[in-house]
Amino acid sequence: MKNLLCFLLFSFVFGIATAQSVRKLSIDELENYINTSQKPMVVNFWATFCRPCIEELPHFLEARQQYPQVEFVMVSLDLPGFYPGKIEQFLSSRNFTGATQFWLNETNADSFCPRIDPAWDGAIPVTLWINPAKKYRKFINRAMTDAQIKLAFQELTY
């Protein structure tokens, strides 16, 4: 019994330490987060059901390791029923760590997409690249390859 109690306590504590924490926010909160950042930032919009999104995310996370001054933000556009459990489980199962994690609590893409960029038609994945110090802002309205992601990180920081 004592061993079981120790195991459960260890599992509970270990689970907290390794779990992904995905914060829910509105488009107003996301815009404020982006607009008040003082450092370079990459904001990727994705969903657990989007295969191109899932294929490019490891490349973002790998490239981000070479640029610690850049904040990588993953914004999930999953359905409300996926938040938080399914999204956090998905992230944890794929070891998608090392990023700021948000779930956008919005359902009207016609309203929130143009607030991120007028060119966004609602398709995902899309990525917003921002460097306030350079007054740099670039919106990529498609999936990116590993080479394109590495080049974009270079452009963002130099």
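Residues numbered from 1 in each chain as written. Predicted model: local features only at pLDDT ≥ 70, side-chain atom pairs only at ≥ 80, totals over all residues. Heavy atoms only, no water.

*Asks:* Looking at this model, I keep getting lost on the state of the cysteines. Mind explaining?
*Replies:* Note on terminology: a disulfide is the covalent bond linking the sulfur atoms of two cysteines. This model, assessed by the stated rule, comprises one disulfide. Two residues, cysteine 50 and cysteine 53, share a disulfide whose sulfurs are 2.3 Å apart. Taking the sign of the torsion about the S-S bond as the criterion, the disulfide between cysteine 50 and cysteine 53, at about 80°, is right-handed. When its relative accessible area of 0% is taken as the criterion, cysteine 53 is described as buried. (Disulfide = S-S within 2.5 Å. Buried < 20%, exposed > 50% of the residue type's maximum accessible area, 1.4 Å probe, protein only.)

*Asks:* Would you explain helix 5 (residues 109-116) in this entry?
*Replies:* Three or four residues apart is the spacing at which side chains of an α-helix point the same way, because the helix has 3.6 residues per turn. Taken together, the buried positions of helix 5 are Phe112, Cys113 and Ile116. Down the axis of helix 5, the sector holding all buried residues measures 105°, keeping them to one side. Sitting at the amino-terminal end of helix 5 is asparagine 108, which places a side-chain oxygen 3.1 Å from the backbone nitrogen of aspartate 110. (Helix = DSSP H or I, 4+ residues; strand = E, 2+ residues; numbered from the N terminus. Arc of directions from axis to C-beta. Polar contact = N/O pair within 3.5 Å; in protein donor to acceptor, adjacent residues only side chain to side chain.)

*Asks:* Is there a simple way to think about the nonpolar core in this case?
*Replies:* Grouped together as the largest cluster of nonpolar side chains are 29 residues, with contacts concentrated most on Val42, Trp46, Phe60, Phe72, Met74, Trp129 and Phe153. Mapped by element, the contributors of at least two residues to this core are strand 2 (41-46), helix 3 (51-65), strand 3 (71-76), helix 4 (85-93), strand 6 (136-140) and helix 6 (146-157). For this core, the element with the most residues is helix 3, which contributes six residues. Non-local contacts of phenylalanine 60, meaning those with residues more than four positions away in its chain, are made with Val42, Asn44, Phe72, Thr127, Trp129, Met144, Ile149 and Phe153. Core analysis: the second largest hydrophobic core is formed by 20 residues, Ile27, Ile34, Phe45 and Leu104 among them. (Core = buried A, V, L, I, M, F, W, Y, C linked by side-chain atoms within 4.5 Å. Contact = heavy atoms within 4.5 Å.)

*Asks:* What is the right way to read the environment of isoleucine 87 from this model?
*Replies:* Assignment of secondary structure puts isoleucine 87 in helix 4. In sequence terms isoleucine 87 and alanine 47 are 40 residues apart; their C-alpha atoms lie 8.5 Å from each other. With sequence-adjacent residues up to four places away left out, isoleucine 87 is seen in contact with Val22, Trp46, Thr48, Ser76, Asp78, Phe82 and Trp103.

*Asks:* Whenever I open this one, the environment of tryptophan 46 confuses me. Can you help?
*Replies:* Its location among the elements puts tryptophan 46 in strand 2. Taking the C-alpha atoms as reference, tryptophan 46 lies 5.2 Å from proline 125; in sequence the two are 79 residues apart. The residues contacting tryptophan 46, other than those within four sequence positions of it, are Cys53, Leu57, Met74, Val75, Ser76, Leu77, Asp78, Ile87, Phe90, Leu91 and Ile124.

*Asks:* When you look at unusual backbone geometry in this model, what are you seeing that I'm missing?
*Replies:* When glycine is set aside, most residues are seen to have a negative phi, and most peptide bonds are trans. Cis geometry marks the peptide bond from tyrosine 83 to proline 84; its omega dihedral reads -5°. By the secondary structure assignment, proline 84 is in the loop between strand 3 and helix 4. With an omega dihedral of 5°, the bond running from isoleucine 124 to proline 125 counts as a cis peptide bond. Its identity as a non-glycine residue notwithstanding, lysine 135 has a phi of 50°, on the positive side.

These values are about where atoms sit, not about what they do.
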